[in-house]
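Coordinate inspection notes
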Amino acid sequence: QGRMWAYTIGFTVLPHVGGFFGWFINRKEIPVWYEKLKKPSWCPPRRIFPVAWTVLYTGMGYASYLIWNDLGGCSSKAIVPLGLYGAQLALNWAWPLFFFGARNLKMALIDILCLDGLVIGTMCSWYRINKIATLLMVPYLGWLAMATCLTIRIWKDNPQQKTGKSE
């Protein structure tokens, strides 16, 4: 029983690791570069992002634990559902590197469009396994829909920034 808590915490914390890493290496780009970009009026304020991602990463991390647990750990049945989850998590972690690090809006846009598809695929593969886990991914998918629209608008409205760092 005590070991299950370790797995629960590990799966729940895992998404935060890449999110924190992405923030840490790009934190200086946000006030310098991001603030100068043309953004739509519906762009959320900067202070919302850390709160939102804390909630979203916690939900998706715990959801992945539920799937892992229901499938009996790292079994052959877990390859596709957790493989899709891992792939979407990797694309999630890569987005800030493309957007803030490389300042490559086109690659960030390609990344988030692929991410959207992988999250939908993850949720579809999870639905028959654990509906609660799938529902825990719904806020994430909603946030990604907004983030995708925001990325498209920033890409379209900042043509000088589409290909990457210019400095």
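As a reminder, the structure under discussion sits directly above these lines.
I will try to describe carefully the structure that is included in this document. Predicted model only: the values in this text are computed from it and were never measured. (Residues numbered from 1 in each chain as written. Predicted model: local features only at pLDDT ≥ 70, side-chain atom pairs only at ≥ 80, totals over all residues. Heavy atoms only, no water.)

We now examine the nonpolar core. Grouped together as the largest cluster of nonpolar side chains are 41 residues, with contacts concentrated most on Tyr34, Trp53, Met60, Phe99 and Tyr140. Elements that contribute at least two residues to this core include exactly α3 (48–70), α4 (79–101), α5 (105–127) and α7 (138–157). The element best represented in this core is α3, accounting for 10 residues. If sequence neighbours within four positions are ignored, Phe99 has contacts with Trp33, Tyr34, Leu37, Asn104, Leu105, Ala108 and Ile154. (Core = buried A, V, L, I, M, F, W, Y, C linked by side-chain atoms within 4.5 Å. Buried < 20%, exposed > 50% of the residue type's maximum accessible area, 1.4 Å probe, protein only. Helix = DSSP H or I, 4+ residues; strand = E, 2+ residues; numbered from the N terminus. Contact = heavy atoms within 4.5 Å.)

This brings us to a nonpolar patch on the surface. On the surface, a nonpolar cluster with roughly 500 Å² of combined accessible area is contributed by Trp5, Ile9, Val13, Leu14 and Val17. Tracing the chain through its elements places Val17 in helix α1 (residues 2–26). Relative accessible area serves as the criterion here: at 49%, Val17 is assigned to the partly exposed category. (Patch = residues over 30% accessible without salt bridge, like charges linked within 9 Å, V, L, I, M, F, W, Y side chains within 5 Å. Areas by Shrake-Rupley, 256 points an atom, 1.4 Å probe, with all protein chains shown as cover. Salt bridge = Lys/Arg side-chain N within 4 Å of Asp/Glu carboxyl O.)

What follows concerns the pattern of salt bridges. If you walk through the whole model with that rule in mind, you get 2 salt bridges. For Glu35, the salt bridge identified is with Arg46, shortest N-O distance 3.2 Å. Of this pair, Glu35 sits in the loop between α2 (29–32) and α3 while Arg46 is found in the loop between α2 and α3, placing the two residues 11 residues apart along the sequence. Using a relative accessible area of 40% as the deciding quantity, one classes Glu35 as partly exposed. Judged by its relative accessible area of 42%, Arg46 is partly exposed.

Under the 1.5 Å per step criterion, the end-to-end length of α7 is 29 Å for 20 residues, consistent within 8% with the ideal 28 Å. Along α7, the positions that sit buried rather than exposed are Tyr140, Trp143, Leu144, Met146, Ala147, Thr148, Leu150, Thr151 and Ile154. Those residues of α7 that are buried lie in contact with α3, α4 and α5. (Expected span 1.5 Å × (residues − 1).)

With glycine set apart, most residues show a phi of negative sign, and most peptide bonds adopt trans. Of note in this structure, Arg103 is not a glycine but carries a positive phi near 55°. The topology assignment puts Arg103 in the loop between α4 and α5. Arg103 gets classed as buried once you look at its relative accessible area, which sits at 5%.

Below, the discussion takes up the environment of Lys38. Following the sequence through the fold, Lys38 ends up in the loop between α2 and α3. Along the sequence, Lys38 and Trp93 sit 55 residues apart, while their C-alpha atoms lie 24 Å from each other.

A word on α5. Look at α5: 33 Å from first C-alpha to last across 23 residues, which is about the 33 Å you get at 1.5 Å a residue. For α5, the full list of buried residues reads Leu105, Ala108, Leu109, Asp111, Ile112, Leu115, Asp116, Val119, Thr122, Met123 and Trp126. Contacts made by the buried residues of α5 are with α3, α4, α6 (131–136) and α7. Two to three positions downstream of the cap, the backbone nitrogen of Lys106 sits 3.3 Å from a side-chain oxygen, assigning the N-cap of α5 to Asn104. (Polar contact = N/O pair within 3.5 Å; in protein donor to acceptor, adjacent residues only side chain to side chain.)

This part is about the environment of Ile129. Take Ile129: it is sitting in the loop between α5 and α6. As a C-alpha pair, Ile129 and Cys114 span 15 residues in sequence and 23 Å in three-dimensional space. When near neighbours in sequence (up to four residues on either side) are disregarded, Ile129 contacts Ile67, Asp70, Leu71 and Pro81.

All we've got here are geometric facts, nothing functional implied.
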